[in-house]
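# Structural overview for review
One-letter residues, chain by chain:
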Amino acid sequence: MTTHDEGTYALLIYRTDQGLDAEDEARALAGHRELQATARADLHAVAKLDRAHTAHTVRVRGAAHAVTDGPHAEVKEWLVGFYLLDCTGLDQAIERAQTICPVAGHAVEVRRVDWRWKP
């Protein structure tokens, strides 16, 4: 695997809309607690998003904006949350993603962040 430069990475958390049993839910939460404890100094943001059916999508239709209920596309997995955290490189970002992806029905997309504005 190629290691990218040190920087900020987004860990985008997806899961199927199916519920987890109690054991899998506990394993998933344990992974989040572990990452939050071990990467506390590196965290920029952590968020859990509301369920997909509560989403609204804004698009331009002709010359006006259109707002529709629900997610923007029919998908099998929903974006449910994200982490923004500093990593030494891609390998560490993937290692951290594995911590929060302990059960089937989860997927974590790892992307390097190209900051356009920084406070």
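Described in the following lines is the structure provided in the data block. (Residues numbered from 1 in each chain as written. Predicted model: local features only at pLDDT ≥ 70, side-chain atom pairs only at ≥ 80, totals over all residues. Heavy atoms only, no water.)

## Overview of the pairing of strand E4 (residues 64–69)
Within E4, only zero of the six residues are buried, leaving the element largely exposed. Pairing of strand E3 (residues 56–61) with E4 involves six bridges; the strand directions are antiparallel. The residue of E4 that forms the bridge with Val 58 is Val 67. Where E3 folds back onto E4 in an antiparallel hairpin, the turn is made up of two residues, including Gly 62, whose phi is positive at roughly 70°. (Buried < 20%, exposed > 50% of the residue type's maximum accessible area, 1.4 Å probe, protein only. Helix = DSSP H or I, 4+ residues; strand = E, 2+ residues; numbered from the N terminus. Pairing = 2+ DSSP bridges.)

## So, helix H1 (residues 22–38)
Here H1 is 17 residues long and its end C-alpha atoms lie 24 Å apart, about the 24 Å a rise of 1.5 Å per residue gives. All buried positions along H1 are accounted for by Asp 24, Ala 28, Gly 31, His 32 and Leu 35. Buried positions in H1, seen along its axis, are confined to an arc of 95° and lie on one side of it. Those residues of H1 that are exposed and aimed more than 90 degrees away from the buried face are Ala 22, Glu 23, Arg 33, Ala 37 and Thr 38. In this fold, the buried residues of H1 make contact with strand E1 (7–16), strand E5 (77–87), helix H2 (90–99) and strand E6 (106–112). (Expected span 1.5 Å × (residues − 1). Arc of directions from axis to C-beta. Contact = heavy atoms within 4.5 Å.)

## Here we look at the pairing of E1
Counting buried positions along E1 gives seven out of ten residues, so the element sits mostly inside the fold. Relative to E5, E1 runs antiparallel, the two being bridged by ten bridges. Bridging from a neighbouring strand, Tyr 14 pairs with Leu 79 of E5. In terms of strand pairing, E1 meets E6 through seven bridges, oriented antiparallel. Bridge pairing in E6 links Ile 13 to Val 108.

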